[in-house]
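Descriptive analysis of the structure
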Amino acid sequence: MESASQDINLNSPNKGLLSDAMTDVPVDSAASARTSAPEGLTLAEEEELRSELAKVEEEIGTLRQVLAAKERHCGELKRKLGLTPLDGLKQNLSKSWHDVQVSNAYKKTQETLSQAGQKTSAALSNVGSVISRKLGDMRNSATFKSFEDRVGSIKSRVVGSRENSTDGLHSPSGAGDKPPQDNAPF
């Protein structure tokens, strides 16, 4: 099958999609297609439909050319204004985010989450006050008081022995009671 022997319509929505059944049929002239008229159509009706089809395909081609020219002109204007594709993307995202924020679903979700946050905050506050109360109760218990007394006595022994031992310590430099001299050049 040679591509030169086929007439391919680039405006067709099926361009590039040839079935196996169609590959064996030569499409080198419009006259060969006219040999088999669809059932129920007269030759005049068929000619009228073909003429209308040709006009519509021509209009489609013209509209594609106009659209391409408009897109080029739009790109030139954006370039002259210093607008980049990133700016357009930012604008689209900003508009989309705004649209989401004003939607009913977003508002309902936001309201529900706000209520859930308030309830969670209240629950955590209650838990905190319960824990504080329990710690206070535990601190006033006899077991905790006994533990606190033991820690206090150990602390006084450690601190008391430290104070006694620092009186008898000598300086490692052997300078005695003289304050160290600052020999730094600064």
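Everything below is about the structure printed above this text.
Residues numbered from 1 in each chain as written. Predicted model: local features only at pLDDT ≥ 70, side-chain atom pairs only at ≥ 80, totals over all residues. Heavy atoms only, no water.

In this section: the pattern of salt bridges. Within this structure, the stated rule accounts for two salt bridges. Between Glu46 and Arg50 there is a salt bridge; the shortest N-O distance is 3.0 Å. Of this pair, Glu46 and Arg50 both sit in helix 2 (residues 43-81), four residues apart, which is roughly one turn of the helix. In this structure Arg50 comes out as partly exposed when scored by relative accessible area, which is 33%. When the shortest N-O distance is used, the salt bridge between Lys95 and Asp99 registers 3.1 Å. Taken together, the positions of Lys95 and Asp99, both in helix 3 (residues 85-101) and four residues apart, correspond to about one turn of that helix. Residue Lys95 is classed as exposed on the basis of its relative accessible area, which comes to 53%. (Salt bridge = Lys/Arg side-chain N within 4 Å of Asp/Glu carboxyl O. Helix = DSSP H or I, 4+ residues; strand = E, 2+ residues; numbered from the N terminus. Buried < 20%, exposed > 50% of the residue type's maximum accessible area, 1.4 Å probe, protein only.)

Under the 1.5 Å per step criterion, the end-to-end length of helix 2 is 57 Å for 39 residues, consistent within 8% with the ideal 57 Å. Phi turns positive one or two residues past the end of helix 2, at Gly82, with a value near 80 degrees. (Expected span 1.5 Å × (residues − 1).)

To continue, consider a nonpolar patch on the surface. Taken together, Val127, Ile131, Leu135 and Met138 make up a surface patch of nonpolar side chains, about 370 Å² in accessible area. Of note, Leu135 is situated in helix 4 (residues 104-139). With a relative accessible area of 48%, Leu135 lands in the partly exposed category. (Patch = residues over 30% accessible without salt bridge, like charges linked within 9 Å, V, L, I, M, F, W, Y side chains within 5 Å. Areas by Shrake-Rupley, 256 points an atom, 1.4 Å probe, with all protein chains shown as cover.)

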